[in-house]
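Structural characterization, general
Below are the chains, spelled out letter by letter.
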Amino acid sequence: MHTTTAPTVVIDAFGGPEVLRLEDRPVGEPGPGEIRIRHEACGLNFIDVYQRTGLYPMQLPAALGREAAGVVEAVGEGVTHLRAGDRAAYASGQSGAYCAARVMDAAQVCPLPEGVSFDEGAAMMLKGLTVHYLFRRTVPITRGDTVLFHAAAGGVGLIACQWARDEGITLIGTAGSDEKCALALEHGASHMINYRTEDFPVRVKELTGGKGVDVVMDSVGADTFDGSLDCLKPLGMMISFGNASGKVPPVDLGTLAAKGSLKLTRPTLFTHIAEHQTCQTMAQELFAKVLSGAVRIRIDQRFALADVAEAHRALEARKTTGATVLTV
Ligand code: NDP
């Protein structure tokens, strides 16, 4: 059956969750390098909030969503890694994943192995590929190294905890409640700090015998940035990769020298998966982690696509743990 129209979440203005609305959009035929995919599930990510509020500006009106899984309905000229009928999942730089079906660039769409469900596919591509590039492609991190990872009980966070455990990396995590800390410990964090009740730089120094950590992975942004720099060893690497609490203010580079020749990077997944073959290889390595049982994709919230505003409210209010999926 060919999908000709599909319910799609769009925004006409930046703002709160109330700007999210569902409309039926036409779904055409794929052009060269494109596919048409019918979604079974879509992933919810904090980047969707940044796009909805305008923190990451986009042209309006706009369709939201960067991650989904489903069945390929048709492929355009030149697409050789997918065929009609294939199960597939993706994280894409092209927004518009909050929908029942779409036509899109095929480069970042990956065949989904039989052992991974659609829900898992929709919950793991953007978050899991992010963990992959943070641990494998940003700075050399080896067995025995220590990483501080903020928001460790979230969608990206619980995958990071398990990835670190599997690779022999000591992960010190932070989270906003004792329950979240317990959850991250269950998933492989070596130590957890409740950063609402404890002074996290002081605790990190205690836990590392005064030395500090090799790498900080900070997606909380404004609230944690300065404290994160205080957690690093001399020559340590600060990876600032998100802004859940707000954008990090401009940084005085002299601070990096004063705190011990620190390094600082601000990466985005979409640079790492821009090249087709690299993206496919990263996805295969991620699927291998999941199929081996080393990483379990934990979906703690499910919302119907029509209830997307409620899902955004829960994510922004820090009420979620693990991944959230929108069911189609
Ligand atoms: P999460 O499920 O981790 O949700 C965000 C978490 O951030 C919350 O649950 C909360 O955990 C914590 N947080 C701290 N302060 C605030 C605040 N003021 N408001 C809301 N949340 C806050 O989201 P995702 O897994 O989707 O993403 C995690 C982070 O990683 C996001 O910042 C996202 O932008 C970033 N990211 C960056 C990518 C990149 O390539 N640069 C790619 C993918 C994700 P707690 O209550 O424990 O503090």
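Our structure is the block above this text.
Residues numbered from 1 in each chain as written. Predicted model: local features only at pLDDT ≥ 70, side-chain atom pairs only at ≥ 80, totals over all residues. Heavy atoms only, no water.

**Thoughts on the nonpolar core**
Grouped together as the largest cluster of nonpolar side chains are 59 residues, with contacts concentrated most on Met125, Leu129, Phe135 and Met217. Looking at this core element by element, the count peaks at eleven residues for helix α2 (residues 118-136). Among the nonpolar cores identified, the runner-up in size contains 31 residues, and Val19, Met58, Ala88 and Ala314 belong to it. (Core = buried A, V, L, I, M, F, W, Y, C linked by side-chain atoms within 4.5 Å. Buried < 20%, exposed > 50% of the residue type's maximum accessible area, 1.4 Å probe, protein only. Helix = DSSP H or I, 4+ residues; strand = E, 2+ residues; numbered from the N terminus.)

**Details of the site of the ligand**
Residues in contact with the ligand amount to 28 residues; listed here are only the nearest, Tyr133, Lys180, Tyr195, Leu269 and Arg318. Take glycine 176: an N or O atom from its main chain is 2.8 Å from an oxygen atom of the ligand. Taken by itself the ligand offers 900 Å² of open surface, and the protein chains cover 92% of this. At the level of secondary structure, the elements contributing two or more residues to the shell around the ligand comprise α1 (46-53), α2, α3 (155-166) and α10 (308-316). Counting residues per element, the shell around the ligand draws most heavily on α2, at three residues. (Near = heavy atom within 4 Å. Polar contact = N/O pair within 3.5 Å; in protein donor to acceptor, adjacent residues only side chain to side chain. Areas by Shrake-Rupley, 256 points an atom, 1.4 Å probe, with all protein chains shown as cover.)

**Digging into the pairing of strand β10 (residues 170-175)**
Most of β10 sits inside the fold, with five of its six residues counted as buried. Here strand β9 (residues 146-149) pairs with β10 via four bridges, running parallel. Of the residues in β10, the one forming a bridge with phenylalanine 149 is glycine 173. Handedness of the β-α-β unit built from β9, α3 and β10 comes out right-handed. The β-α-β motif built from β10, the intervening helix α4 (residues 178-186) and the parallel element strand β11 (residues 191-194) has right-handed crossover chirality. (Pairing = 2+ DSSP bridges. Right-handed = clockwise from strand over helix to strand, strands pointing away.)

**Considerations on the pattern of salt bridges**
Counted according to the given criterion, the structure contains 19 salt bridges. Here arginine 36 and glutamate 73 are joined by a salt bridge, their closest N and O atoms 2.7 Å apart. With arginine 36 in strand β3 (residues 34-43) and glutamate 73 in strand β5 (residues 67-75), this residue pair connects regions lying 37 residues apart in the sequence. Assigned by exposure class, arginine 36 and glutamate 73 land together as buried. In this structure, arginine 136 engages glutamate 285 in a salt bridge whose closest nitrogen and oxygen atoms are separated by 3.3 Å. One end of the pair, arginine 136, is in helix α2; the other, glutamate 285, is in helix α9 (residues 276-291), and 149 residues separate them in sequence. (Salt bridge = Lys/Arg side-chain N within 4 Å of Asp/Glu carboxyl O.)

**A closer look at the environment of histidine 276**
Relative to the elements of secondary structure, histidine 276 occurs in helix α9. Among the residues examined, histidine 276 registers a relative accessible area of 28% and is labelled partly exposed. The spatial distance from the C-alpha of histidine 276 to the C-alpha of leucine 229 is 34 Å, given a sequence separation of 47 residues. With residues near it in sequence (within four places) discarded, histidine 276 still touches His81 and Ala107. (Contact = heavy atoms within 4.5 Å.)

**Details of the packing of aromatic side chains**
Evaluated as defined, the whole model comprises three aromatic pairs. Here the aromatic rings of phenylalanine 46 and tyrosine 50 are separated by 5.4 Å at their centres, their planes lie at 55°, and the arrangement is tilted. Residue phenylalanine 46 and its partner tyrosine 50 are located together in helix α1, separated by four residues, close to a single helical turn. For tyrosine 50, a relative accessible area of 8% puts it in the buried group. Note on tyrosine 50 and tyrosine 56: the rings are 4.8 Å apart at their centroids and 55° apart in plane angle, and the pair reads as tilted. Take tyrosine 56: its relative accessible area is 24%, and that puts it in the partly exposed class. Taken together, Phe46, Tyr50 and Tyr56 form an aromatic cluster joined through their ring pairs. The ring of phenylalanine 118 has arginine 87 sitting right over it, with the charged end atom 4.5 Å from the ring centre. (Phe/Tyr/Trp six-rings, centres within 6.5 Å; stacked < 30°, edge-to-face > 60°. Lys NZ or Arg CZ within 6 Å of the ring centre and 35° of its normal.)

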